[in-house]
Amino acid sequence: MASKPGPLSRWPWQDLGNYKYALVAPWAVRSTYRFVTSGSGERDLLAFAVLPVLLLRLLYSQLWITVSRHQTARSRHRIVDKSLDFDQVDRERNWDDQILLTALLFYVVNAAVPAAQSVPWWNSKGLVMAALLHAGPVEFLYYWLHRALHHHFLYARYHSHHHASIVTEPITSVIHPFAEEVVYFTLFAIPLLTMVGTGTASVAVANGYLIYIDFMNYLGHCNFELVPKLLFDVFPPLRYLVYTPSFHSLHHTQFRTNYSLFMPLYDHLYGTADKSSDDLYERALQCREEAPDVVHLTHLTTPASLVRLRLGFASLAAAPAPLASRHCTSLLAAPARPLAALVAALVGRTTAFRSEANRLHKLNLETWVVPTYTSQYQSKQGLYAVGRLVEKAVADAEASGARVLTLGLLNQSKELNKNGELYVIRKPDLRTKIVDGTSLAATAVLHMIPRGTTDVLLLGDAGGKMAAVLASALCQREIQVQMVDKDLYESLKQELRPETHEHLVLLSGWSRCSSKVWLVGDKLTGEEQRRAQAGVHFVPYSQFPPDAVRGDCVYHSTPALLVPDAFENLHACENWLPRRVMSAWRAAGIVHALQGWDDHECGARVTGVDKAWRAALAHGFRPYDRHDAK
């Protein structure tokens, strides 16, 4: 909200959440019924088009969000290189309010004005009238209204809400208090009502005008420069008729310049054009992609998980994914399909794509997503295809100059690449250090084990690197490691030093298990959970959390850390982890780069549990456990 919210700042349907769309339903039913039952010459085309145009504008807005976030993650042509945070995402989550308001006002005006009920599909006179009225009265009045909104009285009560976003996104353009948005719509209604009053209105021009306003609004707030210089070279007066993203970005950083709506003409006429506009435009066009220092390579879990990426739905990306969503089909699968097609069009289907770009001190950090799903890692045929994609991503990371690459989720599975060692074997001189993060992840697990614990039950597959590192650390701390799987027990006896064997115990059966702490891997079943006593702590050491089936037991987080306060541009959650919490495997690569370590941590190589933990704490990472956070 504004710093001192004025009257009518709250939107009328603010408390309805997504149920606000129910307000459109009666009007949509009414207009559709009248359209179907009326004769061909009596149909109300304008009212009938409101609902499809509403849906089109929602899809169009999401398209801008995805393209803008993809472009700014690449850093190419980026204008304002500052951090975006969760507060801004929350403030802008209701960007669709203005689209809903427009639809409702269209319905109301259409019902109240008989002349609006018989407009044709097209009228060229209306197009000319709309263009002239927009360039004249609308742009002129908006300019002076905007300057008035920057007076301290109105700014504090209304317009400061919009300017709370220094780093803009396309949807920032429509984030205003209700009263302010109503005034804007009144201005935009001048061409619309004039067309209706003069009999020159048409469905195409009326709705095309809305799309034009959306386009120019999103263009000015997208935070990357995309208007080609050739346009201004060929037709120099265009610089007074069409603004650029860099031109309007100065209004958000300087506040007292570049007030125009879409036409800089009025700023030049009244002396408020920022003198650095042209220089910033040139610099933004020349801005090149930044080389990453650390790349975190993850993958999708399900088709629906795509909408929870930073490139997807902003509000969903800013919230932890439900644990069940990682392996089930949800309602989000439907909107994920067109989004997947868009991402494929932007980056292709045969390469990892940038999803996120962050910064910590002087390190440039990027998250790349392999366009594969968890199910593909679980079949031999799918594993081969995934392996080629991951190996290509490793090569791309090295070519980009990345110093460290971490492998997230199943991208470091033993079956796929031997915990990343395969890439070092194939290319011994690999400059990018492969970090599987086992040491830091194991330490995060150790810090979730309740104090005073003397024994734990270890469940998992034989030969797993994480289980071996954990068991070794526990034995060194003289904590008894119990097992019910003989293969796991024999495997650990072979891998661990002989002096630690006295702390390894093979139980004769489940009935002999009395431990209150269970360290569990990926394949923990519901049947195994039901064997636990009440009050048992399930502590996962895997990348995926277990499905909780016991209400009388304690379920801890997957190994994760709270990020340092200096961590910038973090406004999306990592899978099911909460805000500003990062998987230990991802954090390990950042710590590796900050320390300047020149070794790989993959395959049998281990950084060291205590060494990794001390380094992480020294750089501002802090322990996290979901159980403690409650």
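Before reading further, recall that the structure is shown in the block above.
Calculation rules
- Throughout, a residue's number is its position along its own chain's written sequence, starting from 1.
- In view of the model being predicted, local features appear only for residues whose pLDDT reaches at least 70, and side-chain atom pairs are presented and counted only at 80 or more, with totals across whole chains, interfaces and linings using the full set of residues.
- Each side-chain value is worked out from all heavy atoms of the structure, with water and hydrogens disregarded.
- The criterion is simple. A nonpolar core is a set of buried Ala, Val, Leu, Ile, Met, Phe, Trp, Tyr and Cys residues joined through side-chain atoms within 4.5 Å.
- A simple rule labels every residue: compare its accessible area, found with a 1.4 Å probe on the protein chains alone, to the largest value its type can have, and call it buried under 20%, exposed over 50%, or partly exposed in between.
- Helix and strand definitions here come from DSSP, where helices need a minimum of 4 consecutive H or I residues and strands a minimum of 2 consecutive E residues; each element is numbered from the N-terminal end.
- Should any heavy atoms of two residues lie within 4.5 Å, those residues are considered in contact.
- Here, axes are lines fitted to C-alpha atoms. For helices the fit covers the stretch in contact, and angles between N-to-C directions go from 0 to 180 degrees.
- Throughout this description, any angle smaller than 35 degrees is read as roughly parallel, any larger than 145 degrees as roughly antiparallel, any in the 65 to 115 degree range as roughly perpendicular, and the remainder as oblique.
- Pairing between strands is defined by DSSP: at least two bridges between the two strands are required.
- The crossing is said to be left-handed when, going from far helix to near helix, the turn is anticlockwise and less than a right angle, and right-handed when the turn is clockwise.
- Residue classes follow a fixed rule: Ala, Val, Leu, Ile, Met, Phe, Trp, Tyr, Cys and Pro count as nonpolar, while Asp, Glu, Lys and Arg count as charged, and any other residue, Gly among them, counts as polar.
- Under the pairing criterion, centres of Phe, Tyr and Trp rings, with the six-membered ring standing for Trp, must be within 6.5 Å; the plane angle then separates stacked pairs below 30 degrees from edge-to-face pairs above 60, leaving the rest tilted.
- Our definition puts a charge over a ring when NZ of Lys or CZ of Arg is within 6 Å of the ring centre and also within 35 degrees of the ring normal.

A. Molecular detail of the nonpolar core. In terms of nonpolar packing, the biggest core is built from 61 residues, with Val24, Leu46, Trp95, Phe106 and Phe188 touching the most fellow members. Elements with a minimum of two residues in this core: α1 (25–37), α2 (45–74), α4 (97–112), α5 (124–149), α7 (178–198) and α8 (203–221). When residues of this core are assigned to their parent elements, the largest contribution, ten residues, is made by α2. Ignoring anything within four residues of it in the chain, the contact list for Phe188 reads Val138, Tyr209, Ile213 and Leu261.

B. Broad picture of the environment of Leu474. Residue placement: Leu474 occurs in helix α19 (residues 465–476). In this structure Leu474 comes out as buried when scored by relative accessible area, which is 1%. Note: C-alpha distance between Leu474 and Leu56 (418 residues apart in sequence) is 57 Å. Ignoring sequence-local partners within four residues, the contact set of Leu474 consists of Leu446, Ile449, Val456, Ile479, Val481 and Leu519.

C. Structural detail: the packing of helix α18 (residues 438–446) against helix α23 (residues 609–618). Where α18 contacts α23, the two axes come as close as 8 Å, and the packing angle between them is 85 degrees. Taken together, α18 and α23 sit at an angle that is classed as roughly perpendicular. Two secondary-structure elements touch here, α18 through Ser439, Leu440, Ala442, Thr443, Ala444 and Leu446 and α23 through Val609, Ala612, Trp613 and Ala616.

D. Structural detail: the sheet that holds strand β2 (residues 353–360). In space, the five strands of this open sheet follow the order β2-β3-β1-β4-β5, with mixed pairing throughout. The open sheet terminates on both sides in strands that have one partner only, identified here as β2 and β5 (433–435). Each strand axis lies, on average, 25 degrees off the axis of its neighbour in the sheet, ignoring direction. Direction of pairing for strand β4 (residues 404–407) relative to β5: parallel, over a ladder of three bridges. Paired with Val404 across the two strands is Lys433, which belongs to β5. Where α2 meets the sheet, it contacts β2 and β3 (363–370), and its direction lies at approximately 55 degrees from that of β2.

E. Up close: the packing of α4 against α7. The N-to-C vectors of α4 and α7 enclose an angle of 50 degrees; their axes lie 11 Å apart at closest approach. With respect to each other, α4 and α7 are oriented oblique. Seen along the crossing, α4 lies across α7 with a hand that is right-handed. Between α4 and α7, the contacting residues are Gln98, Leu101, Thr102, Leu105, Phe106 and Val109 on the first element and Phe178, Glu181, Val182, Phe185, Leu192 and Leu193 on the second. A class-by-class count of the residues in the contact of α4 with α7 yields nine nonpolar, two polar and one charged.

F. Up close: the packing of aromatic side chains. Counted according to the given criterion, the structure contains 21 aromatic pairs. Look at Phe232 and Tyr281: their rings are 5.7 Å apart centre to centre, the planes differ by 85 degrees, and that puts the pair in the edge-to-face class. Placement of Phe232 in helix α9 (residues 229–234) and of Tyr281 in helix α12 (residues 277–286) is noted, with a sequence separation of 49 residues between them. Look at Phe232 and you get buried, because its relative accessible area is 14%. Taken together, a centroid distance of 5.5 Å and an interplanar angle of 85 degrees make the contact between Trp518 and Phe538 edge-to-face. Taken together, the residues Trp518 in strand β9 (residues 517–520) and Phe538 in strand β10 (residues 537–540) connect sequence positions 20 residues apart. Both residues of the pair, Trp518 and Phe538, belong to the buried class. Feature note: the residues Tyr60, Trp64, Phe215 and Tyr218 constitute an aromatic cluster, connected by ring pairs. Between Arg43 and the ring centre of Phe35, over which it is positioned, the NZ or CZ distance is 4.9 Å. Over the ring of Trp597 we find Lys611, and its NZ or CZ is 4.8 Å from the ring centre.

G. Broad picture of the pairing of strand β1 (residues 294–299). Across the six residues of β1, six count as buried, placing the element largely inside the fold. Where burial is concerned, the two faces of β1 agree: the one with Val294, His296 and Thr298 and the one with Val295, Leu297 and His299 are both buried. In this structure, β1 lies alongside β3, joined through six bridges in parallel fashion. Looking at the pairing, Val294 lines up with Leu365 of β3. Across four bridges, β1 lies against β4 in parallel orientation. Paired with Val294 across the bridge in β4 is Val404.

H. Quick peek at unusual backbone geometry. With phi around 55 degrees, Lys418 is a residue other than glycine that occupies positive phi space. Tracing the sequence through the fold places Lys418 in the loop between α16 (414–417) and α17 (421–426). Classification of Lys418 by relative accessible area gives partly exposed; the value is 46%. Despite not being glycine, Asn569 shows a phi value in the positive range, around 65 degrees. Take Asn569: it is sitting in the loop between β12 (560–562) and β13 (581–583). With a relative accessible area of 15%, Asn569 lands in the buried category.

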